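Structure at a glance
Given next are the chains, with one letter for each unit.
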Amino acid sequence: MAQNGDMRRLALLLTIVLIAAACGGDTTPSSTTTTRVATTSSVPLIAETSWRQSAVLGSDARGLLYGVAAAGQIFGPSHAGAVAVGNEDFAEDPNNVDATTIEVPTIWTSRDGGSWDRHPHDDDLFPSPGRIRDVIPLDPGYLAVGTAQGDAAAWLSDDGFAWERIQDGDFNTVTGDSSSVSSGAEIVAVAPVAGTGFVGVGSDGLSPAVWISGDGRTWQRVPQDPVAFAGGAQTMFDITTSATGIVAVGTDAGSGAVWTSPDGVDWTRVPDPDELFARSPVFSVTNTEQGIFALGTRQDDVGDILAATIWRSDDGVQWNLLPDSDLTTGRHVLTGLAIVDEEIYALGYSIVDGGLVPLALVTPDGIDWSRVEDAAVTPESGFGAIFD
């Protein structure tokens with residue numbers, strides 16, 4: 001939380017490329033033996049009472065950001081106080097405007113949240129095609145996850161500047177089945193889980209996929225549960241933990257889906273008898289003192305966006321859909337949620353006159369929501385991540 005009542009906030013922007021991916025279904029240093037644990041400490045960043053754009057992180061390539069994390073215990077001149085992750089798209093032939101582009105996993109670092117530097121690219125460390133989908137702070141350092149060369153991947157860093165691509169473990173071989181080898185898997189989100197270490201969720205083709213690690217270095221792919229993961233084209237987009245266990249959210253053939261687990265290994269699909277998640281992909285889930293909140297969007301039968309959606313639950317099993325209002329009705333999408341200064345922020349974008357406008361909603365209690373004033377930011381963008 002911020003100190004002395006100051007609002008210290010940083011929001012990262014998603015470009016139209018990332019937004020299209022979300023709606024469309026996706027929508028090296030030497031090894032060390034450092035023991036890493038997750039941390040929730042915050043970094044004092046830009047003191048703001050209103051929103052403004054901090055920086056445009058990019059070059060001539062189209063860049064997109066998926067996540068941001070801060071590790072306050074290592075904030076200083078020799079360590080990155082904040083890390084942003086995503087990818088940049090580069091043309092295979094820069095001289096050809098019609099050339100195919102390739103996604104390159106990308107990391108940006110900042111000491112103050114105001115100025116950012118792109119991590120030097122290394123083909124061995126960040127092989128393409130690929131992208132980094134999530135990053136969390138550790139003690140010390142950071143853990144990042146995503147995909148590289150078409151397979152699930154993870155990276156570790158002690159300071160945010162020097163990174164190591166993790167080679168230990170089977171990211172694409174399902175545990176207990178050496179004949180089951182997959183290509184095309186992606187870890188979309190990762191979270192620390194007591195008693196397990198870390199749990200990553202994502203997709204493998206048209207199926208949800210789960211990985212576990214005790215230390216962030218050695219990973220195992222969890223066997224596919226034919227009951228919990230039965231259905232149509234499915235993806236897990238996000239994961240959170242609560243007093244009742246792990247909650248993961250995503251999509252199933254265009255509708256929202258929720259799964260729960262006590263340990264990241266055994267999973268149960270949450271039933272939806274009232275069709276609260278019908279035609280409503282779920283992109284984000286976060287546990288707060290006011291309950292567990294999930295965010296997404298509602299679509300019609302042909303996929304046109306009708307409204308932003310917010311669900312709330314006490315246990316991850318029984319859910320309530322917050323009623324539509326003037327704030328949510330319309331072509332709005334919510335993709336991220338965070339707590340800043342004891343307020344809950346829901347972030348995303350609106351589609352206005354064919355363009356994109358950042359959208360941020362805020363509530364002190366999870367019940368009464370209001371819209372944050374529009375930020376003066378780059379056109380064709382939306383809020384993607386926020387931290388205190």
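Residues numbered from 1 in each chain as written. Predicted model: local features only at pLDDT ≥ 70, side-chain atom pairs only at ≥ 80, totals over all residues. Heavy atoms only, no water.

1. Considerations on the pattern of salt bridges
Condition: Salt bridge criterion: a side-chain nitrogen from Lys or Arg within 4 Å of a carboxyl oxygen from Asp or Glu. Under the DSSP-based scheme used, a helix requires at least four consecutive residues in state H or I and a strand at least two consecutive residues in state E, with every element numbered from the N terminus. Using a 1.4 Å probe on the protein chains alone, a residue whose accessible area is under 20% of its type maximum counts as buried, one over 50% counts as exposed, and one in between counts as partly exposed.
Enumeration according to the criterion identifies 10 salt bridges in this entry. The salt bridge involving Asp301 is made with Arg279; its shortest N-O contact spans 3.6 Å. Taken together, the residues Asp301 in the loop between strand 21 (291–299) and strand 22 (305–313) and Arg279 in the loop between strand 19 (268–269) and strand 20 (282–288) connect sequence positions 22 residues apart. Accessibility expressed as a relative area gives 40% for Arg279, which makes it partly exposed. Overlapping salt bridges bring together Glu103, Arg131, Arg133 and Glu186 as one network.

2. Examining the side chain of Ser313
Rules: Distance and chemistry together define a polar contact, namely a pair of N or O atoms within 3.5 Å, with one atom able to donate a hydrogen and the other to accept it when in protein, and with adjacent residues in sequence counting only for side-chain atoms on both sides. What makes two residues a contact is simply this: any of their non-hydrogen atoms within 4.5 Å.
Within the secondary structure layout, Ser313 lies in strand 22. Classification of Ser313 as buried rests on a relative accessible area of 0%. A polar contact of 3.2 Å, which involves the side chain of Ser313, links it to the backbone nitrogen of Asp315. A polar side-chain atom of Ser313 sits 2.7 Å from the main-chain carbonyl oxygen of Gln318. If we skip the residues at most four places from it in the chain, Ser313 touches Gly291, Ile292, Gln318 and Trp319.

3. Examining the sheet that holds strand 20
To keep it simple, the criterion reads: The pairing criterion is simple: DSSP has to find at least two bridges between the two strands. For helices, the axis comes from a line fit to the C-alpha atoms of the stretch in contact; other axes are also lines fit to C-alpha atoms, and the angle between any two N-to-C directions lies between 0 and 180 degrees.
Strand order in the open sheet formed by 4 strands is 20-21-22-23, and the pairing between neighbours is antiparallel. Strands with a single pairing partner mark the edges of an open sheet, and in this sheet they are strand 20 and strand 23 (319–321). Across this sheet, the average inter-strand angle for adjacent strands is 25°, counted without regard to direction. Here strand 20 pairs with strand 21 via 6 bridges, running antiparallel. Bridge assignment links Thr288 to a residue of strand 21, and that residue is Gly291.

4. Focus: the environment of Asp304
Within the element layout of this structure, Asp304 appears in the loop between strand 21 and strand 22. For Asp304, the residues in contact, after removing those within four places along its chain, are Arg298 and Gln299.

5. Focus on the confidence of the model for the protein chain
Keep this limit in mind: Per residue, pLDDT captures the predictor's confidence, and it can take any value from 0 to 100.
This prediction gives the protein chain a mean pLDDT of 79; 73% of its residues lie at or above 70. When pLDDT is averaged over each element of the protein chain, strand 18 (residues 255–261) comes out on top at 98 and helix 1 (residues 16–24) at the bottom at 32. The model gives residues 1–37 a pLDDT under 50, and that stretch makes 125 contacts with residues more than four places away or in other chains. Counting interchain partners and residues more than four positions distant, the pLDDT-below-50 stretch residues 39–52 has 44 contacts.

6. Digging into the sheet that holds strand 24 (residues 332–340)
Read from one edge to the other, the open sheet built from 4 strands follows the order 24-25-26-27, with strand pairing classed as antiparallel. A strand with exactly one partner marks an edge of an open sheet, and here the two such strands are strand 24 and strand 27 (370–371). By the bridge criterion, 2 bridges tie strand 26 (residues 355–363) to strand 27 in an arrangement that is antiparallel. Bridge assignment links Val362 to a residue of strand 27, and that residue is Ser370.

7. Regarding the pairing of strand 22
Where burial is concerned, most of strand 22 is hidden: 7 out of the 9 residues are buried. Relative to strand 22, strand 21 is paired through 8 bridges, and the arrangement is antiparallel. Bridge pairing in strand 22 links Gln299 to Ile305. A loop of 5 residues connects strand 21 with strand 22, the two strands running antiparallel in sequence, and Gly303 in this loop sits at a positive phi of about 95°. Looking at chain direction, strand 22 and strand 23 are connected through 3 bridges and run antiparallel. Of the residues in strand 23, the one forming a bridge with Arg312 is Asn320.

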